[in-house]
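Chains, contacts and geometry: an overview
One-letter residues, chain by chain:
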Amino acid sequence: MTAAGADLTLRHPVERFTLDNGLRVVLAPDRSVPVVAVSVFYDVGMRSEPPGRTGFAHLFEHMMFQGSANVPKMEHARLVQAAGGTFNGSTHQDYTNYFQALPSEALERAIFLEADRMAAPAITEENLRNQIDVVKEEIRVNVLNRPYGAFPWLQLPEIAFESFANTHDGYGSFVDLESSTVDDATDFFSRYYAPSNAVLCIGGDLDVTETEALVRRWFDPVPARPAPPAPVVGEPSPTTVRRGVVEDALAPAPAVAIGWRVPDPVGDLDTYLGTVLLTELLSEGDASRLERRLLHTDRLAVAQSSYLGLFGDPFDVRDATLLVSQVHHPADVPVDRVLQAVHEEIDKVATDGVPADELARVTARTEAQLLQQADSVLGRTLGFASAELVHGRAELAGELAARLAAVTPEQVQAAARGLSPDTAAILELRATGGQSR
Amino acid sequence: MSAPVLDLSLVPPLGEPRPTPVPEVHETTLPSGLRLVVVPRPGVPLVELRLRVPFAASAARQAATHAARTSVLTGAVLLGTAGHDQLEIAQLLQAHGGELSVSADADRLLFSTTMLPDGLAPVLGVLAELLTAATYPAGPVDAERSRVVERIHIARSQPGVIARSALAARRYGAHPYAQQLPSADLVGSVTPAALRKLHRDRVLPAGSTLVLVGEVDPAAAADAVGTALAGWVAEGKAVAAAPVPDVAPAPLQLVHRPGAVQSNIRLGGPAPGRTDPQLPAVRLASMVFGGYFSSRLVENIRERRGYTYSPRSGVEHLMAGSSFTVDADVATAVTGPALLETWYELGRMALTPVTEAELESARRYLLGTLALGTATHAGLASTLSALFGAGLSAEWLADHQRALATVGIDEVTEASRQWLSPAGLTAVVVGDAEEAADQLRVLGPVEVTAPAVEES
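Quantities reported herein were computed from a predicted structural model and do not represent experimental measurements.

Two side chains bearing opposite charge may form a pair once their charged atoms approach each other closely. Residue and element names in this part refer to chain B. Considering all chains together, one arrives at 48 salt bridges over all chains under this definition. Residue Asp327 pairs with Arg266 through a salt bridge whose shortest N-O separation is 3.7 Å. Taken together, the residues span a long stretch of sequence, with Asp327 in strand S10 (residues 321-331) and Arg266 in strand S8 (residues 262-271) at a distance of 61 residues. The burial state of Asp327 is the same as that of Arg266; both residues are buried. Note that Arg302 and Glu303 form a salt bridge whose closest N and O atoms lie 2.7 Å from each other.

Next up, the structure:
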């Protein structure tokens, strides 16, 4: 049913080199479509923020689009879009990235733009005030004005973890955002946006030799600065169950999220891969254990999903991270019935193991999803970049399907044994809008 | 630091564009009337499948019932066939990397999946079973119906859904397109027998289109489809939506959402269809106005004033009528100023010419994103499914690119005057009326309404 492991390794070669200023560069050529993707990943995320500066990594991501040494405000966007390209950036727990997908004739322009802002973004009072306003609207649209806004990724960590790095609101409090200064932004840039703290990854329709010359032309002049010490985000595993409640006045029905600590995704990848397939087995599609039990057999839920990493990508986070099961259920179903059913399903896997044919189906589905992600030049390039930054090996992105195909039923069973009801973090969302239903 | 100044001599120039390859499309029609479109593509070893079945409401007075039944059918069709129960169906697909998604909009039902290449024949076999022998078993249908009702309640609490529903109601009046979300009460009364009848009457091969893109051999794929779907031969004819009526814009509607910390501004009006010679000019006008980050609206209300995170405009196509739309979610305190600036930018588009640089940027962006969007199996499959479903062919892609390349400034002004002018657009705002109504009344008449809340 599934091809042999070797055939699952993406046949995209990866070349890498490091500039004198410390910038790590990964090139992933593929000449089949006339499109390139250019991405820069900085090793600074929400978990790097100091107390009093919640939301700053994300606010700073906005500042990186406000112009740079040779590029006025709005011109970054114009130069990319007028070349027929798209761009964006995003802030994650462990990194902040910037990326563009463009017709290949615009490659050098994209390299120039990324180098210009790595050298000197335009951090001005006016731009900072403007972007604080924009970020507040982003938080209103995604969190405050919307039922289930940011549930559970903003609230669950507070229950599941202990350290400030892991527990604080990565979108930021309005108080912290509003009190941010140009000095804060300048310091943050100088500390975290050093070339030696970044990975540049370019994929798609490119010639390796020519592209290396272009990269050196524009990035060599960026001055070297020391990289900050590696972030320490791991913390001891929990030994008790912890519960919390969040009230949502806009939501018409309740929901619950259960978080379990999982093995270190980087230091213990082989064990973690068992957890990756367990997550799929539990909740991917109509054939999955939780979909069958919660929706079809017991009719306890309206929707369920389980995922690794708070943003849903299992391979772009460091320790400490969670497997989260999220269930939306009708008001007349007590939350403890939902929890009991989830724990029972996991216990079945832990006790009885996993039939080989079921695991083979889950693997086939996971494989197809990895291939689908790799079908777009941008998706593939981002995968290589995050693998290089988080795991130290871009090649890993191309090997994941084969690595997952080699996972045994015993590894999945072992992963299920790690999801104990006694160490789960449980966050209930209560619908308190008072709608008569 | 001093303010940056763009030194164009420093910015690397663009090279010559490489032309976007034209997809190799193999098209056939089965004896049943089903159109088959196969596009072999190198790249990753996957096949994307899209089956599009025309599914518009047959008449306005049936639209509410049709929408309610359709909302249950999309999930219930997967609940069992004469040969397999729901779990077996899901497992058969999963074994080949697939998971069938069934969705509906005002025009069509869409069966969609990806699969590993060796799964083509078995996945087509499962699809054929669903099309010809779905059973709609009573118990599972009952559960699915309850879930749909719950999901409708959740959807109705989302401000974006409230705004979209209000705008559709105002723009389409009695036309079925006014029906954005079915009524929970009507959904609650859908029976398995009604679903079987809807399936029998409307899930028909004639007028439907099956698109396959990826690692497929065209001749082998045509054989596999012919064999698997030979039994799908129901009589009958596809139903398309009636043309949308011309509705003159009414005064601005403010839907009261007590305590809302943002106002959701939505504007909408008609737009040229896919084959209208004015479409390229309107798409370019929409880009310059608010269609992407480098637009006037983003520069004004986001980057200059900080009123909003993500304002946007666009052109959307339904079978019976296309739309130009504008969306902005803004802080409550600046609801009036944000609408004023939006109207100002629309008026400026209609009354004064865009610059050559604005036009060139929009043109290149539309051509570039068309290439990016069709560079993946999934993107190309969805694009072709929409085009063939609208009665067009893959040639449309090349024709549209050529047309975009030749539009001039005067045509953009003319198109803006006709389609983007504020006087021709219907406007709806969802927000806290106590905070927003007085601001909006400064700009013109406002009708304040309560949100359409359905008790159950």
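With that out of the way, let us pick up the interface of chain A and chain B. Contact residues are listed per partner, giving 79 residues for chain A and 79 residues for chain B. Counting each side, the surface lost to burial between chain A and chain B is near 6,900 Å², with a carbon and sulfur contribution of 59%. Per-residue buried area on chain A facing chain B is highest for A:Gln81, A:Glu105 and A:Asn145; these three make up 10% of the total on that side. At the boundary of chain A and chain B, one finds 5 salt bridges. Across the salt bridge formed by B:Glu299 and A:Arg78, the nearest N and O atoms sit 2.7 Å from each other. Every element with two or more residues in the side of chain A that touches chain B is listed here: helix H2 (75-81), strand S4 (86-91), strand S5 (96-103), helix H3 (107-119), helix H4 (125-144), helix H11 (289-297) and helix H13 (356-375) of chain A. Considering every element that reaches the side of chain A that touches chain B, the biggest residue donor is H13(A), with 10 residues. The residue inventory of the side of chain A that touches chain B, partitioned by class, reads 40 nonpolar, 17 polar and 22 charged.

All names here are of chain A. A cis amide bond, omega 0°, links Phe151 with the succeeding residue Pro152. For Pro152, the position within the fold is in the loop between H4 and helix H5 (156-160). Going from Asp319 to Ala320, the amide bond is cis rather than trans, its omega being -5°. Along the polypeptide, Ala320 turns up in the loop between strand S9 (303-308) and strand S10 (322-328). The backbone of Met74 shows a phi angle near 75°, a positive value even though the residue is not glycine.

Bringing the sheet that holds S8(B) into the picture now. Residue and element names in this part refer to chain B. Read from one edge to the other, the open sheet built from 6 strands follows the order S9-S10-S8-S11-S7-S12, with strand pairing classed as mixed. Across the chains shown, the open sheet's two edge strands, defined by having one partner strand only, are strand S9 (312-318) and strand S12 (446-449). Neighbour-to-neighbour, the strand axes of the sheet open up by a mean angle of 20°, direction not taken into account. Looking at chain direction, S8 and strand S11 (residues 426-431) are connected through 5 bridges and run antiparallel. Counterpart to Asn264 in the pairing with S11 is Val430. Lying on the sheet, helix H9 (residues 279-291) is in contact with S9 and S10; it crosses S9 at an angle near 150°. This element, helix H16 (residues 433-441), spans strand S7 (252-256), S8, S11 and S12 of the sheet and lies at about 170° to S7.

About the cut-offs
- Residues numbered from 1 in each chain as written.
- Chains lettered and ligands numbered in written order.
- Predicted model: local features only at pLDDT ≥ 70, side-chain atom pairs only at ≥ 80, totals over all residues.
- Heavy atoms only, no water.
- Salt bridge = Lys/Arg side-chain N within 4 Å of Asp/Glu carboxyl O.
- Helix = DSSP H or I, 4+ residues; strand = E, 2+ residues; numbered from the N terminus.
- Buried < 20%, exposed > 50% of the residue type's maximum accessible area, 1.4 Å probe, protein only.
- Contact = heavy atoms within 4.5 Å.
- Buried area = accessible area lost by both parts, 1.4 Å probe.
- Nonpolar A, V, L, I, M, F, W, Y, C, P; charged D, E, K, R; others polar.
- Pairing = 2+ DSSP bridges.
- Axes fitted to C-alpha atoms, helices over the stretch in contact; angles between N-to-C directions.

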